[in-house]
Amino acid sequence: MMAEAGAGGPRPAELLALGRRLWDELEASTEPSSRAPAVQDKVRQGLDALQRAEAMVAQLELFSENEELEEVASADLKFMLLPALLGALTLKQVDLSRRREHLESAREHFLRFLKLCRNYGLGSFQLPAGTSGEEEVGSPSTPRDPAQPNLVAMAMSRTAKIERYKQKKELENKLASMSSSVESGTADEDQIREFYILQIQKWIGTSLEEIESIDQELVILRSRDAARQAPAGPRGPSRPARTPVKPFILTRDAAQARVFGVGYPGLPTMTVDDWYEQRRRQGIVSQQAFGEPGSPPCSFPPAGASDEELQKQQQETQEEEDDEEALQKARDWDDWKDTHPRGYGNRHNMG
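Every value quoted in this text rests on a predicted model; they were computed, and no experiment measured them. (Residues numbered from 1 in each chain as written. Predicted model: local features only at pLDDT ≥ 70, side-chain atom pairs only at ≥ 80, totals over all residues. Heavy atoms only, no water.)

Residue pairs spaced three or four apart in an α-helix point in one direction, given the helix's 3.6 residues per turn. If you check helix α5 (residues 99–119), its first and last C-alpha atoms are 30 Å apart, about what 21 residues at 1.5 Å a residue would give, namely 30 Å. Buried residues of α5: Arg99, His102, Leu103, Ala106, Arg107, His109, Phe110, Leu111, Phe113, Leu114, Leu116 and Cys117, and no others. Looking at the buried residues of α5, the elements they touch are α4 (82–91) and α7 (189–229). Just beyond α5, the residue with positive phi is Gly121, at close to 70°. (Helix = DSSP H or I, 4+ residues; strand = E, 2+ residues; numbered from the N terminus. Expected span 1.5 Å × (residues − 1). Buried < 20%, exposed > 50% of the residue type's maximum accessible area, 1.4 Å probe, protein only. Contact = heavy atoms within 4.5 Å.)

Here is the structure:
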């Protein structure tokens, strides 16, 4: 039946064998990265071969929901692996921009394989949670608080994982012991049938594990995409930009100005005398500020001082000068009393 389907081109069995061989080579590959061109070339070739084989099998309507496993020919059982192999190769694509698309496509392949196996009674399992028309594994009949973890379901899931791992190891050991006789053509029909059924059961456990990993990664990718599409929140008012203050170096004399000027060409420099002269021209510092001989020290009014402030400061300076004159007179009077006894020069009351 399958021989006529491949007339004029590769047969479905040949395409399936090519896809299986490429898959085995990828699993045993020693390439340091899955992004290597040789690796991705094998992935594309394997996907192309398996997709063509699956299209031929679907056209022939090889599998039906209304038949039993015993009605399927032993040589045709291997074609039930096509969806599982397609899912596994789809996951090996490394285009990050299409990662979510590849994950969803691989999940559909694995799910289609599991549904096909369940229809034929191959393996005892339940479809993953979230599948259309399926109830969550281990969920109670009564509603529960979604915020509380389903401890029963978690325990059952952990137990199922342990059981699947044990079954996987047993199946691998059986397949290893039977593969040589099947591949060499010395196995009879019963051995061939058992060999393909064991392969299907092994891929059932692999598909369940892959779907669980896919669902976890999809949750992360969807959260990331939602965060990127979310509008940016309102921000507070921006602070007004400050006008940068141009620094300068105030030096004591011209020599120091020349020293600081070297290496700092962008910084203006001035001596103390230059600074005083600049303030005097601006009317901020009086002539007395330049240290004339005999001139008392004075304080400098701030830049931009009004006439009233200048007058007030001059008055305070005058009062200080008056105080100094009064103090000098008092000191002179004390000195005079020391050299002239009491009553000196008073001749009015002479006796």
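The next thing to look at is the packing of helix α3 (residues 37–60) against α4. Closest axis-to-axis distance for the α3/α4 pair is 10 Å, and the angle between their directions is 155°. Of the possible angle classes, the one that applies to α3 and α4 is roughly antiparallel. Seen along the crossing, α3 lies across α4 with a hand that is left-handed. The residues of α4 that touch α3, namely those facing Val43, Gly46, Leu47, Leu50, Gln51, Ala53, Glu54 and Val57, are Leu82, Pro83, Leu85, Leu86, Leu89 and Thr90. Among the residues making up the contact of α3 with α4, the classes are represented as 10 nonpolar, 3 polar and 1 charged. (Axes fitted to C-alpha atoms, helices over the stretch in contact; angles between N-to-C directions. Parallel < 35°, antiparallel > 145°, perpendicular 65-115°, else oblique. Left-handed = near helix turned anticlockwise from the far one by under 90°. Nonpolar A, V, L, I, M, F, W, Y, C, P; charged D, E, K, R; others polar.)

Of all 10 residues making up α4, 10 are buried, and the element is well covered by its neighbours. Taken as a whole, α4 has its buried residues at Leu82, Pro83, Ala84, Leu85, Leu86, Gly87, Ala88, Leu89, Thr90 and Leu91. Looking at the packing, one finds that the buried side of α4 touches α2 (12–27), α3, α5 and α7.

Attention shifts here to the side chain of Arg20. By secondary structure assignment, the location of Arg20 is in helix α2. Excluding its chain neighbours within four sequence positions, the residues that come into contact with Arg20 are Leu81, Leu85 and Gln199.

Okay, the side chain of Asp225 next. Within the fold, Asp225 resides in helix α7. For Asp225, the side chain forms a polar contact with the side chain of Arg100, separated by 3.1 Å. (Polar contact = N/O pair within 3.5 Å; in protein donor to acceptor, adjacent residues only side chain to side chain.)

In the structure shown here, the tally under the stated rule is 15 salt bridges. Note that Arg222 is salt-bridged to Glu104, the shortest N-O span being 3.8 Å. Within this pair, whereas Arg222 is found in helix α7, its partner Glu104 is found in helix α5, the two being separated by 118 residues in sequence. A relative accessible area of 32% places Glu104 in the partly exposed class. (Salt bridge = Lys/Arg side-chain N within 4 Å of Asp/Glu carboxyl O.)

Glancing now at the confidence of the model for the chain. Mean pLDDT over the chain: 77, with 67% of residues reaching 70 or higher. Taken element by element, the predicted model of the chain shows its lowest mean pLDDT in helix α1 (residues 2–5) (47) and its highest in α4 (97). Taken as a whole, residues 133–147 scores under 50 in pLDDT and shows 16 contacts with residues more than four places along the chain or in a different chain. (pLDDT = per-residue confidence, 0-100.)

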